[in-house]
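# Chains, contacts and geometry: an overview
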Amino acid sequence: MELFLGILVLLALLGLSNVVNRIVPFVPVPLIQIALGVCVALLPAGVHIPLNPELFFVLFVAPLLFNDGKRTPLKELWKLRAPILLLAVGLVFVTVAAAGYVIHWMIPAMPLPAAFALAAILSPTDAVSVSALSARIHLPKRILRLLEGEALMNDASGLVAFKFAIAAAVTGVFSLPQAALSFMVIALGGLLLGVLLSLLIVGLQLLLRRFGMEDITVHMIIQILTPFLLYLIAEECGVSGILAAVAGGIVHAVKQELNQSVMIELQMVSTHTWSVVLFVLNGLVFVILGLQIPAVSSVIFRDAAYSNYEALGYIAVISVLLIALRFAWILAFTRGAGLFSSGKDTRILKDVPGMKSIVLTSLSGVRGTVTLAGAFSIPLALKDGSPFPERNLIIFLAAGVILFSLLVASIVLPLLTKRKEADVNMQEEENDTQIRTMTAALHAINQERTEHNAKAAAAAAGDYKKWIHQVRSEKINRKLGPGAREVETELRLAALRKERETVEEMAQNQEISPDMAQLIGQRFGQTELILANRLHLWRIMLMLLVQRIQMLIQSKADPAKAPMKLDAKEIDSLREMKIRTSEAAVDEIKRRIQDDNREVALEVISHYNHVIARIRLQKSGGYPHDERFGEQKKELHTVAVQAERDEVQKLYEQGTISRRTANKIRQYISYREALMFEQDELE
C-alpha cells in the first residue's frame, strides 16, 4: 500500500510540475521536477523510494531509448556517424583515463580503480536529459542530432568501462585486451541482437495481420512490450540491453516508413499512448532523482571525515574538468580534420561560427539519472569483505555533477542560443504557427464529428479552412505594420459601437422589440470583451449557462419571465437586422479609412462582407437550420479554440516558438473567438 501511495504522489508531482512551469516558464521542467522530488523527500512523512539500478534500467532507460531510436532520423545519424562515434566511444575512454587520474590526485583516499569507476559513470551523457533540455533550448539542428546520437550510443561504452573499473576495484585484476574485446562483443552484440529481435517482432505483427488479427489492442500491447523484451533478452545474453533497445527503435522506425499499409488507427493510438507513457517516464526519472538527493547528501554532510565545502568543491572541479575535456576533444578533431563537416562544409552548421558550435556542444553534455543509477549499483563490499572505498562519496559526487550539468545547460545555453530579431523572420514564424494551431483545431473538430453533428462540423471546419487560406496567402500578415493589430482592434470596436447604435435606432423606430435590442446589446458587450482580450470564450459560455439556469428558475416561479423563444420569422428578422448593422459598420470603417490604416480597414470590411454574404446564404436555405445546429457548432468552436490554445502552449514548451510569438498567436486566437462567437449567435 505504501508503494502504491508513493506512486500516486509521484504522478501528482508530474502534474504539479507542469502547473509550476506555466507560472515560471523560464525554468526547465526537469529542474522543477527535481526540486519537487527534493521537497517531498524532505517532508517528515515524505516519499522514500529506494533506487534499484536493474529495475531502473529496465523500467525507464529501455523504453525511453527505444523511443529516441525510433524518432531520431537515421539518415542524419549516418551523416554524423564519425563525430558520434568519436564522442560516444573515444571521448568516453579519454574521460575515464584523464578524469580518473585527476580525481585520484584530488581525493587520495579514493583508490585509482574507484576513481576510474566514478569517471566512467560520469562520462556518458544522458539521452533523457538531452531530450528534456532540447525542448526548451534553441539548439542548432545538427548539434541536437549529434547530441542525441551520442547519448544513444555512449551509455554502452560508459557502462562497460564502469563495469571493468568496478571489477578491478573489487578483485584487483584488470586486463586491457580483455576489456577491449569485451566492449566490442557487448556493443556489437547488443546492436545485432536488437536488430534481429525487432525484425522478428515486426514479422510477427505482419503475420497476425495476414491472419486477420487487426485488433488495435493486441498490436499496441506488442509495441509496449517490445523495448522491455529487447533489453531483458540482450542482458540475459550478456550483451548491451541499452544498444539493443536503441537498435530496436531504429528498426521499427525504418519498417514503419517502408510499410505503407500500417493501420492508420494503430498509428493514431500508438502516438497518443506513447506520448502519455513517455511523459510519465520522463517526468518520473527526474522526480526520482530529486527523491534520492537528500539521502545522498545527508550522508556526506553529516560525516565528520568530509568537509562540506571540500565536497562541494570536488563537484565543481569535476564538472568543469568534464566540460574542459569535452571542449578540448571536440576542438582537436574539428580543427584537425573537419570531422563535423559533410562535403564542402567545414563547420557544424553553415550559419553558426565553428567556435560557438564547439562551445554549445561542450556545454550540452548533460549527465542524468543513468549516471546516478550506475553509482547506486556499486557493490557495498570488496572481494575480501571490506567496505567499498568511498562509495558514499562517489554517489554524492555523481548526484552533484548531474545537478551542476543541468544547471549550467539550463542557464548558459539559452543565453548562447538566444536568437536575434534580425536573424529570424518573425512574420514567417507567426504564419507557420497560425497554420499549425488552426490545423490542430481542424483535427479536433474532425475528432468530434459524428453523424448527428456532421453539418455543424462541416460548417465549423469551413471557417477554419477559410482562415488557413487567408494566412497562407499572407494577404494580411505580410503587409501589416508592428501596430496593425491594435489598429485592427480599434476599428473593430468602432464598428461594434456603430452596430450598437444601429440596433438602438431600430428599437426606437419599433423595428425590433426592446427585449431583442437588450439581448443583442449584451452580445455586443461580450464580443467587445473578447476583442479586448479580457474574457475568454469558455468564461462567456459559463456565464451564459449560469444566466440560462437563472432564467429557467425565474420562469418556473414567474412564467412571464421565461426566456424569449424565436420562431423562424423572428430569426429571419434577426438576420436582417445583422445585415443592416454590418452594412452600417462597413460605412463607419470606410469613413475612418486613412493612408496609414487602409490595409487593415479593408481586411475588417472584408470580414463584414463575409458576414453579410453568409447570412444571405442562410436566408436562402444554404445552411440547414434546426434547433441543435447552432448549439452544436458553438460546442465545436469551443473545442477548436481550446485545441488552438493547447497547440500554442505545446509549441512554446517545446521551444519551437518564442514567448513573443506565443503571445501574438494568442491574440489572433482571441480575435477568431470574437468572430466565431458573433457568427454562432446567428445560427
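Residues numbered from 1 in each chain as written. Predicted model: local features only at pLDDT ≥ 70, side-chain atom pairs only at ≥ 80, totals over all residues. Heavy atoms only, no water.

## Focus: the overall build of the protein chain
When its secondary structure is counted, the protein chain shows 25 helices and zero strands. Residue burial in the protein chain is summarised as follows: out of 683 residues, 51% are buried. Put simply, of all contacts in the protein chain between residues at least 6 apart along the chain, 81% involve residues at least 24 apart. With the model as given, the accessible surface of the protein chain reaches about 33200 Å², and the carbon-plus-sulfur share is 62%. (Helix = DSSP H or I, 4+ residues; strand = E, 2+ residues; numbered from the N terminus. Buried < 20%, exposed > 50% of the residue type's maximum accessible area, 1.4 Å probe, protein only. Contact = heavy atoms within 4.5 Å. Areas by Shrake-Rupley, 256 points an atom, 1.4 Å probe, with all protein chains shown as cover.)

## Quick word on the packing of helix H3 (residues 53-71) against helix H15 (residues 369-376)
One can describe the packing of H3 onto H15 by two numbers: an axis separation of 9 Å at closest approach and a directional angle of 155 degrees. Here H3 is positioned roughly antiparallel relative to H15, judged by the angle of their axes. On the side of H3, the interface is formed by Pro53, Phe56, Phe57 and Val61, while H15 contributes Thr369, Val370, Ala373, Gly374 and Phe376. When the residues that make up the contact of H3 with H15 are grouped by side-chain class, the tally is seven nonpolar, two polar and no charged. (Axes fitted to C-alpha atoms, helices over the stretch in contact; angles between N-to-C directions. Parallel < 35°, antiparallel > 145°, perpendicular 65-115°, else oblique. Nonpolar A, V, L, I, M, F, W, Y, C, P; charged D, E, K, R; others polar.)

## Topic: unusual backbone geometry
Phi at glutamate 390 takes a positive value of approximately 55 degrees, unusual for a residue other than glycine. Residue position: glutamate 390 is located in the loop between H15 and helix H16 (391-416).

## Structural notes on the environment of asparagine 154
Its place among the elements puts asparagine 154 in helix H8 (residues 141-171). Separated by 29 residues in the primary sequence, asparagine 154 and threonine 125 have C-alpha atoms spaced 7.1 Å apart. Apart from the residues lying within four places of it in its own chain, the contact partners of asparagine 154 are Ala88, Val92, Pro124 and Thr125.

## Considerations on the pattern of salt bridges
A full pass over the atoms with the stated rule returns six salt bridges. Between arginine 591 and glutamate 588 there is a salt bridge; the shortest N-O distance is 2.6 Å. Placement of the pair is arginine 591 and glutamate 588 together in helix H22 (residues 568-592), with a separation of three residues, close to one helical turn. On the basis of relative accessible area, arginine 591 is assigned to the exposed category, the value being 59%. Members of the salt-bridge network, linked through shared partners, are Glu588, Arg591 and Arg592. (Salt bridge = Lys/Arg side-chain N within 4 Å of Asp/Glu carboxyl O.)

## Looking at the packing of aromatic side chains
Geometry of an aromatic ring pair is reported as the spacing of the ring centres plus the angle between the planes. Scanning the model with the defined rule gives two aromatic pairs in all. Seen from their ring centres, tyrosine 101 and phenylalanine 116 are 5.2 Å apart, and the 90 degrees between their planes marks the pair as edge-to-face. Here tyrosine 101, found in helix H5 (residues 81-106), pairs with phenylalanine 116, found in helix H6 (residues 112-122); they are 15 residues apart in sequence, far enough to count as distant. Taking the relative accessible area as the measure of exposure, phenylalanine 116 reaches 19% and is therefore buried. An angle of 75 degrees between the planes, with centres 5.5 Å apart, marks the rings of phenylalanine 301 and phenylalanine 396 as edge-to-face. With phenylalanine 301 in helix H12 (residues 264-301) and phenylalanine 396 in helix H16, this pair connects stretches of sequence that are 95 residues apart. A relative accessible area of 37% places phenylalanine 301 in the partly exposed class. Taking relative accessible area as the criterion, phenylalanine 396 reaches 4% and is therefore assigned buried. One Lys or Arg, lysine 163, reaches over the ring of phenylalanine 164 and ends 5.9 Å from the middle of that ring. (Phe/Tyr/Trp six-rings, centres within 6.5 Å; stacked < 30°, edge-to-face > 60°. Lys NZ or Arg CZ within 6 Å of the ring centre and 35° of its normal.)

## Description of a nonpolar patch on the surface
Taken together, Leu3, Phe4, Leu5, Ile7, Leu8 and Leu11 make up a surface patch of nonpolar side chains, about 550 Å² in accessible area. Within the secondary structure, leucine 8 is located in helix H1 (residues 2-23). The class of leucine 8 is partly exposed, set by a relative accessible area of 40%. (Patch = residues over 30% accessible without salt bridge, like charges linked within 9 Å, V, L, I, M, F, W, Y side chains within 5 Å.)

## What to know about the nonpolar core
Core analysis: the largest hydrophobic core is formed by 100 residues, its most contacted members being Met110, Leu118, Ile318 and Leu397. The contacts of leucine 397, once residues within four sequence positions are left out, are Ile107, Met110, Leu118, Ala311, Tyr314, Ile315 and Ile318. In this structure, Ala457, Tyr464, Val471 and Leu636 belong to the second largest nonpolar core, which totals 27 residues. (Core = buried A, V, L, I, M, F, W, Y, C linked by side-chain atoms within 4.5 Å.)

## Overview of the confidence of the model for the protein chain
Within the protein chain, residue pLDDT values average 76, and 77% of them lie at 70 or more. The least confident element of the protein chain is helix H21 (residues 537-557), whose mean pLDDT is 51; the most confident is H6, at 89. Every residue in residues 338-353 scores below 50 in pLDDT, and together they form 32 contacts with partners more than four places removed in sequence or on other chains. Counting contacts from residues 420-424, a segment whose pLDDT is below 50, to residues more than four positions away or on other chains yields three contacts. (pLDDT = per-residue confidence, 0-100.)

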